[in-house]
Amino acid sequence: MPFEEREIFPQPLSAQEIRAILGQRSPLEIFSWNSPSAKAAGITRETVQTQEELIRLMAGEPRLIRRPLIQVDGELVIGADLRRLQELLQRR
């Protein structure tokens, strides 16, 4: 099964790439609210004004993105949701 892997620390995602990965989903879903980087910067749901601000923050600091992000046939699996990932792979 072909796949493409990308390490986002040496090769951060651009704001455009984040938007493409999200599709119709909200950046709220992939923002790592509990990350030490978010806490150190004082980033909370209350301090973020717009979804575009979230995208800009994640493009500037990859540690703010929940990982892993896995796309299977256009569907995005966020975090270590092994059950969902297995379901998608079994459909292939």
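That block above? That's the structure.
This is a predicted model, so every value here is computed, not measured.

Visitor: Summarise the nonpolar core; cite the residues concerned and give the values.
Guide: Counting residues in each nonpolar core, the largest one holds 18 residues, and the members touching the most others are Ile18, Ile30, Phe31, Ile43, Met58, Leu64 and Ile65. Counting residues per element, this core draws most heavily on helix α3 (residues 51–60), which supplies four residues.

Visitor: Could you give an account of the packing of aromatic side chains, naming the residues involved and the relevant values?
Guide: Under the defined criterion, the tally for this structure stands at one aromatic pair. Here phenylalanine 31 and tryptophan 33 contribute two aromatic rings whose centre-to-centre distance is 4.5 Å and whose plane-to-plane angle is 50°, an arrangement assigned as tilted. With respect to class, phenylalanine 31 is no different from tryptophan 33; both count as buried.

Visitor: Got a sec to walk through the packing of helix α1 (residues 15–22) against α3? Specific residues and values, please.
Guide: For the pair α1 and α3, interaxial distance at closest approach is 9 Å and the crossing angle is 120°. By the angle between their axes, α1 is oblique relative to α3. In this structure, α1 crosses over α3, and the sense of that crossing is right-handed. For the pair formed by α1 and α3, the contact residues are Ala15, Ile18, Arg19 and Leu22 on the first element and Glu52, Ile55, Met58 and Ala59 on the second. Class assignment of the residues belonging to the contact of α1 with α3 gives a composition of six nonpolar, no polar and two charged.

Visitor: Tell me about the pairing of strand β2 (residues 75–78), and name the residues and values.
Guide: Here strand β1 (residues 69–72) pairs with β2 via four bridges, running antiparallel. Each residue of the ladder has a partner; that of glutamine 71, found in β2, is leucine 76. Hairpin connection from β1 to β2: two residues lie between these consecutive antiparallel strands, with aspartate 73 at a positive phi of about 50°.

Visitor: I'd like a description of α3, backed by residues and values.
Guide: Residues Leu54, Ile55, Leu57 and Met58 constitute the buried set of α3. Mapping the buried residues of α3 onto a view down its axis gives an arc of 165°, with all of them on the same face. For α3, exposure combined with an orientation more than 90 degrees from the buried face picks out Arg56 and Gly60. For α3, the secondary structure elements touched by its buried residues are α1.

Visitor: Residue-level account of the pattern of salt bridges, with values.
Guide: Under the defined criterion, the tally for this structure stands at eight salt bridges. Glutamate 52 is the partner of arginine 19 in a salt bridge, and the nearest nitrogen-oxygen pair spans 2.8 Å. Here arginine 19, found in helix α1, pairs with glutamate 52, found in helix α3; they are 33 residues apart in sequence, far enough to count as distant. You can call arginine 19 partly exposed: its relative accessible area is 36%. In this structure glutamate 52 comes out as partly exposed when scored by relative accessible area, which is 42%. Two residues, arginine 63 and glutamate 61, come together in a salt bridge whose shortest N-O distance is 3.3 Å. Exposure remark for glutamate 61: the relative accessible area of 24% places this residue in the partly exposed category.

Conventions we followed
Residues numbered from 1 in each chain as written. Predicted model: local features only at pLDDT ≥ 70, side-chain atom pairs only at ≥ 80, totals over all residues. Heavy atoms only, no water. Core = buried A, V, L, I, M, F, W, Y, C linked by side-chain atoms within 4.5 Å. Buried < 20%, exposed > 50% of the residue type's maximum accessible area, 1.4 Å probe, protein only. Helix = DSSP H or I, 4+ residues; strand = E, 2+ residues; numbered from the N terminus. Phe/Tyr/Trp six-rings, centres within 6.5 Å; stacked < 30°, edge-to-face > 60°. Axes fitted to C-alpha atoms, helices over the stretch in contact; angles between N-to-C directions. Parallel < 35°, antiparallel > 145°, perpendicular 65-115°, else oblique. Left-handed = near helix turned anticlockwise from the far one by under 90°. Contact = heavy atoms within 4.5 Å. Nonpolar A, V, L, I, M, F, W, Y, C, P; charged D, E, K, R; others polar. Pairing = 2+ DSSP bridges. Arc of directions from axis to C-beta. Salt bridge = Lys/Arg side-chain N within 4 Å of Asp/Glu carboxyl O.

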